[in-house]
Amino acid sequence: MKHPVFAANWKMNHAPADAKAFVRQFLAYFPRQQDRTVLIFPPALTLHAVTDALKDRPDIQLGVQNIHWEDKGAFTGENSAPIARAAGARYVLVGHSERRHVFGETDEETGKKTAAAVRAGLTPLVCVGETLAQRNAGETGSVVLRQLRAALAHIEPHQISSSLVAYEPVWAIGTGKTASPADASTVHAIIRSELRTLTGEREEAVPILYGGSVNSGNATTLLAAPDVDGLLVGGASLDAEGWATIVRA
Ligand code: 13P
């Protein structure tokens, strides 16, 4: 039996008042369920409002979408992991495609951010994925492994074991194109095998989520695919009713 993980990445959407309305609606559609994990990654400026709105639902956990690799200091405009933790975050996305491709985040930086997250008591959700050009060149496996190894390079095997990974092909994000369940399974199996090596465990239990144009119509099929342990959802997580349909998949 899977214990699926459903993660909503709101990206740069939902001001505090919208977020509160979202949570009210979402909770009405989604009574507490023990058999799945639900995470929401609101914008950092909205985190406080969502933490407050979810105070009676500790089963739903929150995260931030990015952190700096230093804990504190003169880094104007950045969010630190300890501050995010103190503000209610328990998780953090590291190496999201938009951080890498819009903001030029490097593999080395993702490694430092994962280490900062773990230091601060945040669970990292490490995102990896290839571009269309890399896929067409047959480089999917090598790209994903390079990103994975770099992002996990500075944490201990037992810390890797309590992290999460998301496979988000760049060409599938926000495009309406998803990886086929079979293709997602193939890449997830590559990631799984590497995690076994990195953790030294034969049966490693790191949840591997799929992300990229997931919606209420394709969520069930993707989740049923071997080695797909959860879903990381952007656009379709912005609507409370639609998101509730997905998390009930
Ligand atoms: P979409 O679901 O909008 O394709 O975004 C996926 C994503 O980037 C989640 O992190």
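Cut-offs and rules
Residues numbered from 1 in each chain as written. Predicted model: local features only at pLDDT ≥ 70, side-chain atom pairs only at ≥ 80, totals over all residues. Heavy atoms only, no water. Helix = DSSP H or I, 4+ residues; strand = E, 2+ residues; numbered from the N terminus. Rg over C-alpha atoms; globule rule 2.2 N^0.38 Å. Buried < 20%, exposed > 50% of the residue type's maximum accessible area, 1.4 Å probe, protein only. Contact = heavy atoms within 4.5 Å. Areas by Shrake-Rupley, 256 points an atom, 1.4 Å probe, with all protein chains shown as cover. Near = heavy atom within 4 Å. Polar contact = N/O pair within 3.5 Å; in protein donor to acceptor, adjacent residues only side chain to side chain. Expected span 1.5 Å × (residues − 1). Axes fitted to C-alpha atoms, helices over the stretch in contact; angles between N-to-C directions. Parallel < 35°, antiparallel > 145°, perpendicular 65-115°, else oblique. Left-handed = near helix turned anticlockwise from the far one by under 90°. Nonpolar A, V, L, I, M, F, W, Y, C, P; charged D, E, K, R; others polar. Phe/Tyr/Trp six-rings, centres within 6.5 Å; stacked < 30°, edge-to-face > 60°. Lys NZ or Arg CZ within 6 Å of the ring centre and 35° of its normal. Arc of directions from axis to C-beta. Core = buried A, V, L, I, M, F, W, Y, C linked by side-chain atoms within 4.5 Å.

## Here's the deal with the overall build of the protein chain
Okay, so step 1: Across its full length, the protein chain holds eleven helices and eight strands.
Okay, so step 2: Here the C-alpha radius of gyration of the protein chain, 17 Å, is about what a compact globule of 249 residues would show, namely 18 Å.
Okay, so step 3: Each principal axis of the C-alpha atoms in the protein chain carries an extent, and together these give about 45 × 45 × 35 Å.
Okay, so step 4: Within the protein chain, the proportion of its 249 residues that are buried is 51%.
Okay, so step 5: Of all intrachain contacts in the protein chain linking residues separated by at least 6 positions in sequence, the fraction that spans at least 24 positions is 73%.
Okay, so step 6: Accessible area for the protein chain stands at about 11100 Å²; split by element, carbon and sulfur atoms hold 53% of it.

## Here we look at the site of the ligand
Okay, so step 1: Neighbouring residues of the ligand: 13 residues in total, closest H96, E168, G174, S213 and G235.
Okay, so step 2: In this structure, K11 approaches the ligand through a side-chain N or O atom, which is 2.9 Å from an oxygen atom.
Okay, so step 3: Between G234 and the ligand, the recorded distance is 2.9 Å, taken from a backbone N or O atom to an oxygen atom.
Okay, so step 4: For the ligand, whose free accessible area comes to 310 Å², the fraction covered by protein is 95%.

## Let's talk about helix α7 (residues 140–151)
Okay, so step 1: With twelve residues, α7 should reach 16 Å at 1.5 Å per residue; the first-to-last C-alpha distance of 17 Å fits that figure.
Okay, so step 2: Along α7, the residues that are buried comprise T140, V143, V144, L145, Q147, L148 and A151.
Okay, so step 3: Its buried side turned inward, α7 meets α4 (97–101), α5 (107–119), β5 (123–128), α6 (132–136), β6 (164–167) and α9 (181–199).

## Description of the packing of α7 against α9
Okay, so step 1: Remark: α7 packs on α9, axes separated minimally by 10 Å, with the N-to-C direction vectors making an angle of 40°. Classified by the angle their axes make, α7 and α9 are oblique. α9 is crossed by α7, and the crossing has right-handed handedness. Between α7, through T140, G141, V144, L145, L148 and R149, and α9, the contact on the second element is made entirely by V187, I190, I191, E194 and L195.
Okay, so step 2: Class assignment for the residues of the contact of α7 with α9 results in seven nonpolar, two polar and two charged.

## Focus on the side chain of S237
Okay, so step 1: Note that S237 resides in the loop between β8 (230–233) and α11 (240–247).
Okay, so step 2: At a separation of 3.3 Å, a polar atom in the side chain of S237 contacts the main-chain carbonyl oxygen of V233.
Okay, so step 3: In contact with S237, other than residues within four places in its own chain, are A8, N9, W10, F22 and W243.

## Quick notes on the packing of aromatic side chains
Okay, so step 1: Per the stated rule, a full pass over the model turns up five aromatic pairs.
Okay, so step 2: Both rings, one in W10 and one in F22, keep their centres 4.7 Å apart while their planes meet at 70°; by these two values the pair is edge-to-face. Linking W10 in the loop between β1 (5–9) and α1 (16–29) with F22 in helix α1, this pair joins segments that are twelve residues apart in sequence. An identical accessibility class is assigned to W10 and F22; each is buried.
Okay, so step 3: Cluster of aromatic residues (ring-pair linked, three or more members): W10, F22, F26, F30 and W243.
Okay, so step 4: When the ring centre of F103 is taken as origin, the NZ or CZ atom of R99, which lies over that ring, is 4.2 Å away.
Okay, so step 5: Stacked on the ring of W69, the Lys or Arg K112 has its end atom at 4.2 Å from the ring centre.

## Comments concerning α1
Okay, so step 1: Between its first and last C-alpha, α1 extends 20 Å over 14 residues, near the 20 Å set by a 1.5 Å rise per residue.
Okay, so step 2: Buried residues of α1: A19, F22, V23 and F26, and no others. Seen along its axis, α1 keeps its buried residues to an arc of 100°; they face one direction. For α1, the exposed residues lying more than 90 degrees away from the buried face are A17, R24 and A28.
Okay, so step 3: Looking at the buried residues of α1, the elements they touch are β2 (37–41), α2 (47–53), β3 (60–64) and α11.

## Details of the nonpolar core
Okay, so step 1: Ranked by size, the top nonpolar core spans 60 residues in total, and within it F26, I191, L195, Y210, L231 and W243 carry the most contacts.
Okay, so step 2: Among the elements that take part in this core, α11 stands out by supplying five residues, more than any other.
Okay, so step 3: Listed in part, the twelve residues of the second largest apolar core include A7, F41, Y91 and C127.

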